[in-house]
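Structural features, examined
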Amino acid sequence: MKILIATDKPFAEEAREKILKVIRKGGHEALLLEGYKSKQELLSTVGQADAMIVRSDIVDAEVLDAAVNLKIVVRAGAGYDNVDCTYARDKGVVVMNTPGQNANAVAELAIGLAIYGIREFYSGKAGRELRGRTLGLHGFGYVARNVFRIARALGMKVVVYTRFSREAAAAIGLKVTHSLEDLYSKSDVVSIHVPAKGEHIRSVSYPVLKELRKGALIINTARKEVVNEADLVRFMEERPDVKYLTDIEPDNKEIFREKFAGRYYATPKKLGAQTAEANTNAGVAAAEQIVDFFLTGDTTCQVNK
Ligand code: 3PG
C-alpha cells in the first residue's frame, strides 16, 4: 500500500526517519509531501495514496474526493477538526487520531506561556510567581492531565471543570468545580484544554471570563474556536489587569496586538506539539495504526464510526 505523509508543518527529522521505518517494515511504500505550498499540490498527490498521515492539514471534501484510493487517514495528534469526518465516513474512509501522544509537549508549552505571562513577558518589569496560585483547568483530557502534573510540582493549587472526566479528576484528589463560571472565579491562571466541537465552541465567553481573579492569565493551547473573540476583546478592554497568551492566533489578531500590547502574546505558528519527541510519538503511532489497520483491521482509534 502507498502511505502518504502530507504535512504542511514537517515532522522533526528523527521522527520522520522512525515513521518511514515503521511504514517500510510493514511492507508498505511511503510517499512524502512536506511543507507543501498550495492545496493543489496536495490534491494532485493524494490520488496515489491508500493511506495518509496528516497533522493540522485540511482534509476536506475536495481532498477526500481527489483521494480515490484512500482507505484511512490518521491525524498524527489529538484534534481532528481539520478532517471532514462525516464526509470521510460516507465515503468509507476511516479517520483516526493518536490520543495522548503529543500531550506532554503541549502541556510544557502551556506552563511555559504561564511563566512568560506572569513574569511580564521577560520585559524586565517585576512579575509574580506561580507558586501558591490557583490554576484552573478548563477540560481534563491528556494535555490537562500533564499540565496538572507539572503545575503541582510548581506548587500551584489546581482545580478543574470537566463534564466527562469528573471521576478521573476526583480520583486523583482534584477539586471539580460545579460550573465553568465557578472554575474561572477560582483561577489566577486558566489553561484551556477542550476540543473545537459541540458545547466547547465559544465556551470562553464574557459571563465566564468576568469571573476571573485580578491579574489573571488566560492560556490557550487548544483552538481559537473555543474562545468567543468579541467577548474576550470586551473583557480585556474592561480589565487591564488580565493577559491572554495563545498558541493559536485569533481571527482578529491585529486588534489584539494594537489594543493589548504588553498583555497579549501569540506564538508565530502553532507549536505546542512541535517537539522531536511529540513528532516521534504521534507520527510513529500514526504509522503503526495504519500498518495494523491493513494487517488486522484494527480500528481502535477510529473517530468517525
Ligand atoms: C493537536 O491537536 O494534536 C495539536 O493541535 C497539534 O497540532 P499540529 O500537529 O498541527 O502541531
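Owing to the predicted nature of the structure, the values given are computational and were not obtained by experimental measurement.

1. Some details on the site of the ligand
Residues in contact with the ligand, as listed here, are Lys 9, Arg 55, Ser 56, Arg 75, Gly 77, Ala 78, Gly 79, Asn 102, Arg 223, Lys 270 and Ala 273. Between the ligand and Lys 9, the relevant distance is 2.9 Å, taken from an oxygen atom to a side-chain nitrogen or oxygen of the residue. In the model, an oxygen atom of the ligand is placed 2.6 Å from a nitrogen or oxygen of the Ala 78 main chain. When isolated, the ligand has an accessible area of 320 Å², and the protein chains bury 95% of it.

2. Some remarks on the domain arrangement of the chain
Per the domain assignment, the segments of the chain are domain 1 (2-101 + 274-296) and domain 2 (103-266). Placing a centre on the C-alpha atoms of domain 1 and another on those of domain 2 gives a separation of 30 Å. With 9 residues of domain 1 in contact, the opposing surface of domain 2 contributes 6 residues. Carbon and sulfur atoms make up 49% of the surface buried where domain 1 meets domain 2, a total of about 530 Å² over both sides. When the area that domain 1 buries against domain 2 is broken down by residue, the three leading residues are Tyr 80, Asp 81 and Gly 100, summing to 57%. If you look at where domain 1 meets domain 2, you find 1 salt bridge. Across the salt bridge formed by Asp 81 and Arg 223, the nearest N and O atoms sit 3.1 Å from each other. In this structure, the connection of domain 1 to domain 2 is made through 3 residue pairs in polar contact (both at pLDDT 80 or more). Per-class residue counts for the side of domain 1 that touches domain 2 are 3 nonpolar, 4 polar and 2 charged.

3. As for the environment of Ala 144
Relative to the helices and strands, Ala 144 is located in helix H6 (residues 142-153). Remark: the alpha-carbon pair of Ala 144 and Cys 301, spanning 157 residues in sequence, is separated by 20 Å. Once residues lying within four places of it in the same chain are set aside, the contact partners of Ala 144 are Leu 137, Gly 139 and His 193.

4. Examining the packing of helix H1 (residues 13-25) against helix H12 (residues 276-296)
At a closest axis distance of 8 Å, the pairing of H1 and H12 adopts a crossing angle of 15°. With respect to H12, the element H1 is oriented roughly parallel. Considering only the axes of H1 and H12, their crossing is right-handed. Counted together, Glu 14, Ala 15, Lys 18, Ile 19, Val 22 and Ile 23 of H1 and Ala 276, Asn 279, Thr 280, Gly 283, Val 284, Ala 287, Glu 288 and Val 291 of H12 form the full contact between these two elements. The residue makeup of the contact of H1 with H12, split by class, is 8 nonpolar, 3 polar and 3 charged.

So, how was this worked out
- Residues numbered from 1 in each chain as written.
- Predicted model: local features only at pLDDT ≥ 70, side-chain atom pairs only at ≥ 80, totals over all residues.
- Heavy atoms only, no water.
- Near = heavy atom within 4 Å.
- Polar contact = N/O pair within 3.5 Å; in protein donor to acceptor, adjacent residues only side chain to side chain.
- Areas by Shrake-Rupley, 256 points an atom, 1.4 Å probe, with all protein chains shown as cover.
- Domains from an automatic or database assignment.
- Contact = heavy atoms within 4.5 Å.
- Buried area = accessible area lost by both parts, 1.4 Å probe.
- Salt bridge = Lys/Arg side-chain N within 4 Å of Asp/Glu carboxyl O.
- Nonpolar A, V, L, I, M, F, W, Y, C, P; charged D, E, K, R; others polar.
- Helix = DSSP H or I, 4+ residues; strand = E, 2+ residues; numbered from the N terminus.
- Axes fitted to C-alpha atoms, helices over the stretch in contact; angles between N-to-C directions.
- Parallel < 35°, antiparallel > 145°, perpendicular 65-115°, else oblique.
- Left-handed = near helix turned anticlockwise from the far one by under 90°.

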